[in-house]
Amino acid sequence: EAQVTQNPRYLITVTGKKLTVTCSQNMNHEYMSWYRQDPGLGLRQIYYSMNVEVTDKGDVPEGYKVSRKEKRNFPLILESPSPNQTSLYFCASSVRQGRGETQYFGPGTRLLVL
Amino acid sequence: AQKVTQAQTEISVVEKEDVTLDCVYETRDTTYYLFWYKQPPSGELVFLIRRNSFDEQNEISGRYSWNFQKSTSSFNFTITASQVVDSAVYFCALSEEVKTSYDKVIFGPGTSLSVIP
């Protein structure tokens, strides 16, 4: 079954305590991306990756790091989380083929930073 | 700078009515991609469609159809014979092709659709 998995699904942490949200896809997709969703601010892209070792900043990259060492994994790293990073995070993977595209999202990770 | 506007914040329709969700975009690029996504009350995000800027052919998928008009910078989404399961927030998004065919994506604020039985 084609899927994007994220872990953890829910996380409560404290300011400054480093954390990693994992994202893994089983479809051999080249493109992966991280988004955050906040009430009143909508959906915003954090980072994206076009392939292994190729990443670039989205709209709101500050305070986040990513890595793409393997095609299937695209972890999101918060080196020193702050309360303004409390949000709902989505990982996605996709592949473009001609006119078409296949895109899948993970179930989301709800993060609370105290 | 790129921008996506979804002027309709909330729409309510009665089941079986047709409904059109508007999306207007701004870009200086000649090559770009437009997307629609669905987020039902359960919270997951579902990809619906991608359209390339050089492909103005309208798309139909079952009860869903999309009308892309470059002249008005619009990419509207119509649901025919709406059903309660169509109740969701719908997001339009834009990606400009700057460095590669994949580039950063910006989203509109979303339109919340309620289909009343």
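Remember, predicted model here, so these are calculated numbers, not experimental data.

1. Describing the state of the cysteines
According to the stated counting rule, one finds two disulfides over all chains in the structure shown. Two residues, A:C23 and A:C91, share a disulfide whose sulfurs are 1.8 Å apart. Taking the torsion about the sulfur-sulfur bond, which here is approximately -75°, the covalent link between A:C23 and A:C91 counts as left-handed. One end of the pair, A:C23, is in strand β3 (residues 19–25); the other, A:C91, is in strand β9 (residues 87–97), with 68 residues separating them in the sequence. Given a relative accessible area of 2%, A:C23 falls into the buried group. Note that B:C23 is cross-linked by a disulfide to B:C92, the S-S spacing being 1.9 Å. Residues B:C23 and B:C92 are joined by a disulfide whose S-S torsion is about -65°; by sign, that bridge is left-handed.

2. Observations concerning the side chain of B:E96
All names here are of chain B. Considering the arrangement of structural elements, one finds E96 in strand β10 (residues 88–96). Put simply, E96 is tucked away with no salt bridge, and the nearest opposite charge, on R28, sits 7.6 Å away. Side chain to side chain, E96 and T27 meet in a polar contact 2.5 Å long. Those residues in contact with E96, other than ones at most four positions away along the chain, are Q2, T27, R28, D29, T31, Y32, D103 and K104.

Cut-offs and rules
Residues numbered from 1 in each chain as written. Chains lettered and ligands numbered in written order. Predicted model: local features only at pLDDT ≥ 70, side-chain atom pairs only at ≥ 80, totals over all residues. Heavy atoms only, no water. Disulfide = S-S within 2.5 Å. Helix = DSSP H or I, 4+ residues; strand = E, 2+ residues; numbered from the N terminus. Buried < 20%, exposed > 50% of the residue type's maximum accessible area, 1.4 Å probe, protein only. Lys, Arg positive; Asp, Glu negative; His and termini not counted. Salt bridge = Lys/Arg side-chain N within 4 Å of Asp/Glu carboxyl O. Polar contact = N/O pair within 3.5 Å; in protein donor to acceptor, adjacent residues only side chain to side chain. Contact = heavy atoms within 4.5 Å.

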